[in-house]
Amino acid sequence: MNPMLRLAPVLLVGAFSLPAAAQSCYVHSETSGAVPAPVVTEQCFEFHGMDNDDAIDWVCQDNEAVKNSRREIRDSCPDGHFGICTARMTPETLANERATGSQAKNGTLPTQVNDDATIVTYHYHASDRAQAKIDCESAGGSWSR
C-alpha cells in the first residue's frame, strides 16, 4: 500500500481534532484614579448567529483607547458567573460590546449582522450586581442567572 494512502487517515483525524476558532472574549477591567470604577470588572461575551467567525477576534483586540481593560480570546466563557445578559447584536456591538439593542441611525441594520444574531455576556465580578442587571435591561438586553 502506498505510504501516502496510509498517512491520509492520520492527517484527516488530525485536521478534525484541531481546536475550534476562538468563540469568546474575556474582559478584565481595572479602575484608575482619574476615572470612576466600572460597575462590571470581569465579564466574558460570545456572539451567536454571526456569519463572520472573525468578528469576535476583531472586537476582542486590546484597544489603546481603553487602557484599563485587558481582553483575552478564549474557546468559551468559564463557569462561575452571577448573571447573563442576552441582547440582539447590532453593528454598534461590533465596535463596543456594551452597545446592545440599539439600531443604526437610519433604523435598518447593515447586512453584515444577521437579524437573529445575539451577544451573550456572562458577568463574574461587579461592584454593584443590581446595577449590572439594570444596565443590561436598559440597553435592550434580557437578564438571567
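Residues numbered from 1 in each chain as written. Predicted model: local features only at pLDDT ≥ 70, side-chain atom pairs only at ≥ 80, totals over all residues. Heavy atoms only, no water.

Here we come to the packing of aromatic side chains. Scanning the entire structure with this criterion turns up 3 aromatic pairs. Both rings, one in phenylalanine 45 and one in phenylalanine 47, keep their centres 5.8 Å apart while their planes meet at 35 degrees; by these two values the pair is tilted. Considered together, phenylalanine 45 and phenylalanine 47 belong to a single accessibility category, that of buried residues. Seen from the ring of tyrosine 26, arginine 74 lies directly overhead, with NZ or CZ sitting 4.1 Å from the centre. (Phe/Tyr/Trp six-rings, centres within 6.5 Å; stacked < 30°, edge-to-face > 60°. Buried < 20%, exposed > 50% of the residue type's maximum accessible area, 1.4 Å probe, protein only. Lys NZ or Arg CZ within 6 Å of the ring centre and 35° of its normal.)

For the rest of this paragraph, the subject is the pattern of salt bridges. Here the structure, examined in full by the defined rule, presents 2 salt bridges. As a salt-bridge pair, glutamate 72 and arginine 74 come within 3.1 Å of each other at their nearest N and O atoms. Owing to a relative accessible area of 41%, glutamate 72 belongs among the partly exposed residues under this scheme. For arginine 74, a relative accessible area of 24% gives the class partly exposed. Between glutamate 137 and lysine 133 there is a salt bridge, with its nearest N and O atoms 3.7 Å apart. With glutamate 137 and lysine 133 both in helix 4 (residues 129-138) and 4 residues apart, the pair spans about one turn of that helix. Judged by relative accessible area, which is 33%, lysine 133 ranks as partly exposed. (Salt bridge = Lys/Arg side-chain N within 4 Å of Asp/Glu carboxyl O. Helix = DSSP H or I, 4+ residues; strand = E, 2+ residues; numbered from the N terminus.)

Glancing now at the nonpolar core. Nonpolar side chains tend to gather and get buried jointly when the protein is soluble and globular. By size, the foremost hydrophobic cluster in this structure holds 15 residues, and its most contacted members are Cys25, Phe45, Phe47, Met50, Met89, Leu94 and Ile119. Those elements that place two or more of their residues in this core are strand 1 (24-29), strand 2 (40-48) and helix 2 (55-59). Formed by 7 residues, the second largest nonpolar core is a distinct cluster that contains Cys44, Cys77, Tyr122 and Tyr124. (Core = buried A, V, L, I, M, F, W, Y, C linked by side-chain atoms within 4.5 Å.)

Further remarks concern the confidence of the model for the protein. In regions of low pLDDT, the predicted coordinates are not meant to be interpreted in detail. Looking at the protein as a whole, the pLDDT averages 74, with 64% of positions reaching at least 70. For the protein, the element scoring lowest by mean pLDDT is helix 1 (residues 3-16), at 34; strand 6 (residues 142-144) scores highest, at 97. Every residue in residues 102-111 scores below 50 in pLDDT, and together they form 14 contacts with partners more than four places removed in sequence or on other chains. (pLDDT = per-residue confidence, 0-100. Contact = heavy atoms within 4.5 Å.)

Here we come to the sheet that holds strand 5 (residues 118-126). Strand order in this open sheet of 6 strands is 3-1-2-5-4-6, and the pairing throughout is antiparallel. Sheet topology places strand 3 (69-74) and strand 6 at the edges, where each strand pairs with a single neighbour. For this sheet the average axis-to-axis angle between neighbouring strands, irrespective of direction, equals 20 degrees. Relative to strand 5, strand 4 (residues 83-88) runs antiparallel, the two sharing 6 bridges. Paired with isoleucine 84 across the two strands is tyrosine 122, which belongs to strand 5. (Pairing = 2+ DSSP bridges. Axes fitted to C-alpha atoms, helices over the stretch in contact; angles between N-to-C directions.)

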